[in-house]
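So you can see what is in the structure, the chains are spelled out below.
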Amino acid sequence: GRPDNLWVAAGLCPTREFQSAFPRCRATSLRLLEGTFVSGSLYAASRQGFFRVADLVESIQRRRKSQMGMARKLGLVNLLAYFLGRVSLDRAEGIIGQALGACAFLVADAHPATCLDFDDDIDYAYIKALLG
């Protein structure tokens, strides 16, 4: 087993709820067996879990242009299953947990605001206007 102090938690919001709350916001949905979800961010983690996530994110960002690099990190079978629409929330937790070597929790009913993403100037301007 994994040590109890090595865990991460992230939120997902059903796409329909997110679009209802923020109709003009761009969002990419994850397609899981239970439905489509907007991915939130890591919202809780043990100290060790946080650094595992940071390492994985850096690794994936370096490999973002390389699908084979990402497949090696997350598992080719897992990526294929995802693209075929055969991954459940439970399996997604397992895939993430395996990639991190940590216990992973996905919360599928996170508040839409926790899934607002501001990776670029367009997203930032939208959120600034929304809050202004």
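Residues numbered from 1 in each chain as written. Predicted model: local features only at pLDDT ≥ 70, side-chain atom pairs only at ≥ 80, totals over all residues. Heavy atoms only, no water.

## Here we look at the overall build of the protein
Thinking step 1. Secondary structure summary: the protein contains six helices and four strands in total.
Thinking step 2. Along its sequence from the N terminus, the protein presents helices and strands in the succession β-α-β-β-α-α-α-α-β-α.
Thinking step 3. Residue burial in the protein is summarised as follows: out of 132 residues, 34% are buried.
Thinking step 4. Sequence-distant contacts in the protein: of pairs separated by 6 or more residues, those separated by 24 or more amount to 68%.
Thinking step 5. As displayed, the protein has an accessible area near 8,800 Å², and 56% of this comes from carbon and sulfur atoms. (Helix = DSSP H or I, 4+ residues; strand = E, 2+ residues; numbered from the N terminus. Buried < 20%, exposed > 50% of the residue type's maximum accessible area, 1.4 Å probe, protein only. Contact = heavy atoms within 4.5 Å. Areas by Shrake-Rupley, 256 points an atom, 1.4 Å probe, with all protein chains shown as cover.)

## Focus on the packing of aromatic side chains
Thinking step 1. Following the criterion strictly, the structure yields three aromatic pairs and no others.
Thinking step 2. Between F18 and F22, the aromatic rings sit 5.5 Å apart at their centres with planes inclined by 50°, giving tilted as the arrangement.
Thinking step 3. On the basis of relative accessibility, which here comes to 1%, the residue F18 falls in the buried class.
Thinking step 4. According to the relative accessible area criterion, F22 is buried, its value standing at 9%. (Phe/Tyr/Trp six-rings, centres within 6.5 Å; stacked < 30°, edge-to-face > 60°.)

## Quick word on the nonpolar core
Thinking step 1. Listed in full, the 10 residues of the largest apolar core are A10, L12, L32, F37, A81, V87, L89, A92, I95 and L106.
Thinking step 2. Residue assignment for this core shows that the elements contributing at least two residues are β1 (7-14) and α5 (89-100).
Thinking step 3. Considering every element that reaches this core, the biggest residue donor is α5, with three residues.
Thinking step 4. Beyond its immediate chain neighbours, meaning those up to four positions away, V87 contacts L32, L33, E34, N78, A81, Y82, A92 and I95.
Thinking step 5. One finds F22, C25, V38 and L116 within the second-largest nonpolar core, a separate group that totals nine residues. (Core = buried A, V, L, I, M, F, W, Y, C linked by side-chain atoms within 4.5 Å.)

## Looking at a nonpolar patch on the surface
Thinking step 1. Taken together, the side chains of L42, F50 and F51 make up a nonpolar region of the molecular surface, amounting to roughly 270 Å² of accessible area.
Thinking step 2. Among the secondary structure elements, F50 is positioned in helix α2 (residues 47-63). (Patch = residues over 30% accessible without salt bridge, like charges linked within 9 Å, V, L, I, M, F, W, Y side chains within 5 Å. Salt bridge = Lys/Arg side-chain N within 4 Å of Asp/Glu carboxyl O.)

## A closer look at the sheet that holds strand β3 (residues 35-45)
Thinking step 1. A sheet is described by the order of its strands in space; here four strands give the open sequence β2-β3-β1-β4, paired in mixed fashion. If you trace the sheet from one side to the other, it starts and ends with β2 (29-32) and β4 (103-107), each paired once. With strand direction ignored, the average angle separating the axes of adjacent strands in the sheet is 40°.
Thinking step 2. The pairing of β1 with β4 spans five bridges and is classified as parallel. Looking across to β4, one finds that V8 is bridged to A104.
Thinking step 3. Contacts from α5 reach β1, β2, β3 and β4, with the element oriented near 145° to β4. (Pairing = 2+ DSSP bridges. Axes fitted to C-alpha atoms, helices over the stretch in contact; angles between N-to-C directions.)

## Brief notes about the pairing of β2
Thinking step 1. As judged from the four bridges shared by β2 and β3, these two strands associate in the antiparallel manner. Residue L30 lies in a different strand from β3, and its bridge partner there is F37.
Thinking step 2. If you look at the hairpin formed by β2 and β3, you'll find two residues sitting between the two strands.

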